[in-house]
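What the coordinates show
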Amino acid sequence: MSPLYSLYTDAATQPQSGLSAGGILLIHDHQQTQTSLPLQATTNHLAEFEVATLAFTRLAHTLGAQCATTTVLFYTDSLLVSQSVAKRYAKHYQSEVDALLSAQRPFQLVLTQWVPEKQNQGAHTLANQALHAREDFK
């Protein structure tokens, strides 16, 4: 049986400062890995794409050749990200869609699922913690 990972991502942006941060929650074999990180994006839509792309890039780097037999259940509360991945298109975010699809390519199968924010609390909390840390650091 191929390895199965559940990947939750979320982004948080402070519109006044343009600061963004992301949260990544990875679950495999009942083990959680939590990551909070600063992002370059200055809008929430861009930040949602950036954190998702980073999450897949990091997972691919960690797994290496094992990606070819790995299934990833990808959960996002960004309707734009989930719909864009499904259509492989987004009118104003095509380069971000292409980058995300490219980051997903090494995996055998990626199933994307939109979830309401309340079902994405782990990644949401991580993103907000990272954003508050950035704001406190300024």
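Just so you know, these numbers come straight off a predicted model, no measurement behind them. (Residues numbered from 1 in each chain as written. Predicted model: local features only at pLDDT ≥ 70, side-chain atom pairs only at ≥ 80, totals over all residues. Heavy atoms only, no water.)

**Some thoughts on the overall build of the protein**
Helix and strand counts for the protein stand at four helices and five strands. Walking the protein from its N terminus toward its C terminus, one meets helices and strands in the order β-β-β-α-β-α-α-β-α. Taken over the C-alpha trace, the protein has a radius of gyration of 14 Å; the compact-globule value for 138 residues is 14 Å, and the two agree within 12%. The principal-axis extent of the C-alpha atoms belonging to the protein is close to 45 × 35 × 25 Å. With 138 residues in all, the protein has 47% of them scored as buried. Considering only residue pairs separated by 6 or more positions, the protein has 66% of its internal contacts joining residues 24 or more positions apart. Counting 8 positive and 10 negative side-chain charges, the protein places the averaged centre of each group 7 Å from the other. (Helix = DSSP H or I, 4+ residues; strand = E, 2+ residues; numbered from the N terminus. Rg over C-alpha atoms; globule rule 2.2 N^0.38 Å. Buried < 20%, exposed > 50% of the residue type's maximum accessible area, 1.4 Å probe, protein only. Contact = heavy atoms within 4.5 Å. Lys, Arg positive; Asp, Glu negative; His and termini not counted. Charge placed at Lys NZ, Arg CZ, Asp CG, Glu CD.)

**As for the packing of aromatic side chains**
Enumeration according to the criterion identifies four aromatic pairs in this entry. Taken together, a centroid distance of 5.7 Å and an interplanar angle of 70° make the contact between Phe56 and Phe107 edge-to-face. Placement of Phe56 in helix H1 (residues 44-63) and of Phe107 in the loop between helix H3 (94-104) and strand S5 (109-114) is noted, with a sequence separation of 51 residues between them. Note on accessibility: Phe56 and Phe107 belong to one class, buried. One aromatic cluster is present, built from ring pairs that chain together Phe56, Phe74 and Phe107. (Phe/Tyr/Trp six-rings, centres within 6.5 Å; stacked < 30°, edge-to-face > 60°.)

**Let's talk about unusual backbone geometry**
Phi at Asp29 is positive, roughly 55°, even though this residue is not glycine. For Asp29, the location among the structural elements is in the loop between strand S2 (19-28) and strand S3 (31-39). Relative accessible area serves as the criterion here: at 59%, Asp29 is assigned to the exposed category. Of note in the backbone geometry, His30 takes a positive phi value of approximately 65° without being a glycine.

**Examining helix H2 (residues 79-87)**
Burial in H2 covers these residues: Val81, Ser82, Ser84 and Val85. Looking straight down H2, one finds its buried side chains confined to an arc of 165°; they lie on one side. Exposed side chains of H2 directed beyond 90 degrees from the buried face belong to Ala86 and Lys87. Contacts from the buried residues of H2 go to H1, strand S4 (71-76), H3 and S5. Looking one or two residues past H2, Arg88 carries a phi angle of roughly 60°, positive in sign. (Arc of directions from axis to C-beta.)

**Regarding the nonpolar core**
Judged by nonpolar contacts, the single largest core of 30 residues is most densely connected at Leu7, Phe56, Leu59, Val72, Phe74, Leu100 and Phe107. With nine residues, the top contributor of residues to this core is H1. Leave out the neighbours within four places in its chain, and Val72 touches Tyr5, Leu7, Phe56, Leu59, Phe107, Leu109, Val110 and Leu111. The next biggest cluster of nonpolar side chains, apart from the first, holds six residues, and it includes Leu19, Ala21, Ala127 and Leu131. (Core = buried A, V, L, I, M, F, W, Y, C linked by side-chain atoms within 4.5 Å.)

**Side note on the side chain of Gln104**
Residue position: Gln104 is located in helix H3. Once you skip the residues sitting within four places of it in the chain, Gln104 turns out to touch Phe56, Phe74, Val85, Val110 and Thr112.

**Thoughts on the sheet that holds S5**
Sheet strands line up and pair through hydrogen bonds in the backbone, either parallel or antiparallel. Spatially, five strands are ordered S3-S2-S1-S4-S5 in an open sheet, and the strand pairing comes out mixed. Two strands lie at the open edges of the sheet, namely S3 and S5, each paired on one side alone. The sheet shows a mean angle of 20° between the axes of neighbouring strands, direction not considered. Alignment of strand S1 (residues 4-14) against S2, held across nine bridges, turns out to be antiparallel. Residue Ala11 lies in a different strand from S2, and its bridge partner there is Gly22. Where H1 meets the sheet, its contacts fall on S1, S2, S3, S4 and S5, and the angle it forms with S1 comes to roughly 145°. (Pairing = 2+ DSSP bridges. Axes fitted to C-alpha atoms, helices over the stretch in contact; angles between N-to-C directions.)

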